[in-house]
Structures are given as C-alpha cells and as structure tokens.
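Okay, here's what each chain looks like letter by letter:
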Amino acid sequence: MKTALIIYWSKTGNTEKVANAIKQGLEEASIQVTIKKPEEAEALDYFDYDLVCVGCPSYSWHPPEPVTNFLKKKFAEYRQNGKIKPSAPKVPGKNAIVFVTYSGPHTGIDEATPVGKDIRQYFEHIGFNVIDEWYVLSEFHGSLEHSTLGRLGDVRGKPTAEQLQVVKDDSRRIGKLL
Ligand SMILES: Cc1cc2nc3c(=O)[nH]c(=O)nc-3n(C[C@H](O)[C@H](O)[C@H](O)COP(=O)(O)O)c2cc1C
C-alpha cells in the first residue's frame, strides 16, 4: 500500500479544509494517509512516505514562523544525515505536493507563490520530486476589508465546496499515479 503524509498549519481553518480535501482524495485512491500538524510531525521521516504534502497560509508572503521553524529543523536533520547532496539527485519514488492558502489582498497570487517556492526547495534539496504547488484563494477571516476590497475581489466563503472538490479530484488522480 502506498503512503502519504500531510503536514499542515492553519490558524483560521482554510488550510485545514484543503488538507482534509487532499486526504479524502488520496484515500479514494487507496493511499494510506497520515495527517499531522508540524508540532506532531517532528519525529516523522519524510522518506518513510511515497508522498509528502505540506501546506500553510501565506503570512506577509512568507510561510508562518512555526512552519519555517519546522521545515528548517527537519532540513538540519537531513543535512546531518547526509541527505543534502550537491546537485540534489532525485530519490526514486519520493514525491511532494506543496499547498498554500492566501487571500491576495494587496498583490494577488504574487503574495502566495513565494511561500510555495520556499517550501518546495526544502523538498527538492533532499531529492523529492515536487509534483505540484497548489494555491487556493481563501477568505481573510477577521478582516472584511481584506476579504472584499483586495485585488482578487470578494473572497468571502472561499475556499468553496467547488474549490475543495478540485483539490480532492486532483489528489485522487495523483494518488492513483503513485
Ligand atoms: C497575519 C496574517 C498575514 C497574512 N498575510 C497575507 C499575505 O501576505 N498575503 C495573502 O495573500 N494573504 C495573507 N493573509 C491571509 C491568509 O493567508 C489567508 O486568509 C489564509 O487562507 C489563512 O489560512 P488559515 O485559515 O489556514 O489560517 C494573512 C493572514 C494573516 C492572519
């Protein structure tokens, strides 16, 4: 049985919804899924899974600090174990997906892509094949201004059931290809 690890951080629930949609899609493809918060995942080894999915919101176009701290800690561990090699050779069968939720109130998706690119590097450096980066437009809970007057318009109620269905369908398709 193929296995997947989903690690996500979520303050107001948007990223959690996406993480759960990924889990459902992968399970529909008969993947065995473990889902954890960063603080619960420190002792886990990415290399024990066929697919690792990491997700968080964009905070000032960066990953939130607890996510960066987690990724750096794991990275230091892999460096010590000799897993960070020059030219970052691909490790067969090891895959990752990065997912980011964002509201884009000022400059749109450009506030989210740096987050995805940043997280992606932690996986490419250890030889994982990063299958995709997913950016999911979401409500800015707690700020009506940022939810309605931003560059991407009215984002209230996002991610919608339709957005989550797309995530689920894509996850199922990827799960079947693992
Ligand atoms: C402190 C803070 C900073 C944020 N900064 C950005 C940002 O720079 N760009 C953006 O698109 N959204 C930003 N957002 C909105 C969140 O990324 C977005 O609402 C996200 O979906 C929240 O995820 P969560 O519900 O999983 O916590 C910010 C939200 C907070 C609370």
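Nothing here was measured: the structure is a model prediction, and the numbers come from that model.

The rules behind the values
- Residues numbered from 1 in each chain as written.
- Predicted model: local features only at pLDDT ≥ 70, side-chain atom pairs only at ≥ 80, totals over all residues.
- Heavy atoms only, no water.
- Helix = DSSP H or I, 4+ residues; strand = E, 2+ residues; numbered from the N terminus.
- Rg over C-alpha atoms; globule rule 2.2 N^0.38 Å.
- Buried < 20%, exposed > 50% of the residue type's maximum accessible area, 1.4 Å probe, protein only.
- Contact = heavy atoms within 4.5 Å.
- Lys, Arg positive; Asp, Glu negative; His and termini not counted.
- Charge placed at Lys NZ, Arg CZ, Asp CG, Glu CD.
- Phe/Tyr/Trp six-rings, centres within 6.5 Å; stacked < 30°, edge-to-face > 60°.
- Salt bridge = Lys/Arg side-chain N within 4 Å of Asp/Glu carboxyl O.
- Core = buried A, V, L, I, M, F, W, Y, C linked by side-chain atoms within 4.5 Å.
- Near = heavy atom within 4 Å.
- Polar contact = N/O pair within 3.5 Å; in protein donor to acceptor, adjacent residues only side chain to side chain.
- Areas by Shrake-Rupley, 256 points an atom, 1.4 Å probe, with all protein chains shown as cover.
- 1 Å grid on protein atoms, 1.4 Å probe; cavity = no way out; pocket = protein on both sides within 12 Å on 5 of 7 lines; lining within 4 Å.
- Sits in = over half its atoms within 2 Å of the grid points.
- Nonpolar A, V, L, I, M, F, W, Y, C, P; charged D, E, K, R; others polar.

Engineer: Could you give an account of the overall build of the protein, with specific residues and numbers?
Structural biologist: Across its full length, the protein holds six helices and five strands. Compactness check: the protein gives a C-alpha radius of gyration of 16 Å against a globular reference of 16 Å for 178 residues, within 12% of the reference. Projected onto its principal axes, the C-alpha positions of the protein cover 50 × 30 × 25 Å. Residues counted as buried form 47% of the 178 residues belonging to the protein. Residue pairs in contact within the protein that sit at least 24 positions apart in sequence constitute 77% of those at least 6 positions apart. If the 23 positive side-chain charges of the protein are averaged to one point and the 23 negative ones to another, these points end up 4 Å apart.

Engineer: I'd like to hear about the packing of aromatic side chains, residue by residue, with values.
Structural biologist: Applying the stated criterion across every chain yields a total of eight aromatic pairs. Taken together, a centroid distance of 5.2 Å and an interplanar angle of 40 degrees make the contact between Tyr46 and Tyr78 tilted. One end of the pair, Tyr46, is in the loop between helix H2 (38-41) and strand S3 (51-57); the other, Tyr78, is in helix H3 (residues 65-80), and 32 residues separate them in sequence. Tyr78 shares its class with Tyr46; the two are buried. Taken together, a centroid distance of 5.8 Å and an interplanar angle of 65 degrees make the contact between Phe123 and Phe128 edge-to-face.

Engineer: Explain the pattern of salt bridges to me, and be specific about the residues and the numbers.
Structural biologist: With the rule as written, the count across this model stands at 11 salt bridges. In this structure, Glu42 engages Lys73 in a salt bridge whose closest nitrogen and oxygen atoms are separated by 3.1 Å. Note that Glu42 is positioned in the loop between H2 and S3 and Lys73 in helix H3, a separation of 31 residues in sequence. Of the charged contacts in the structure, one is a salt bridge between Asp169 and Arg172, with a shortest N-O distance of 3.2 Å. In this pair, Asp169 and Arg172 both sit in helix H6 (residues 161-177), three residues apart, roughly one turn of the helix. A cluster of three or more residues bridged by salt bridges with shared partners is formed by Glu28, Lys168, Asp169 and Arg172.

Engineer: Talk me through the nonpolar core; I want residue IDs and the actual numbers.
Structural biologist: Ranked by size, the top nonpolar core spans 29 residues in total, and within it Tyr46, Val52, Leu71, Ile119, Phe123 and Phe128 carry the most contacts. When residues of this core are traced back to their parent elements, those giving at least two are strand S1 (3-8), S3, H3, strand S4 (95-102), helix H4 (113-124) and strand S5 (129-137). Top contributing element to this core by residue count: H3, with five residues. Those residues in contact with Phe123 that lie beyond four places of it in its chain are Tyr46, Val52, Val54, Leu71, Ala96, Phe128 and Val130.

Engineer: Tell me about the site of the ligand, and please be specific about residues and values.
Structural biologist: Lining the immediate surroundings of the ligand are 20 residues, of which Ser10, Thr12, Thr15, Ser58 and Gly104 lie closest. Interatomic distance of 3.0 Å between a backbone N/O atom of Gly13 and an oxygen atom of the ligand. A distance of 2.7 Å is found between an oxygen atom of the ligand and a side-chain nitrogen or oxygen belonging to Thr101. Protein contact buries 84% of the 650 Å² of open area that the ligand shows by itself. Judged by its atoms lying within 2 Å of the grid points, the ligand is housed in the largest pocket. Contributing elements (two or more residues each) for the shell around the ligand: helix H1 (14-28) and S4. Counted by class, the shell around the ligand contains six nonpolar, 11 polar and three charged residues.

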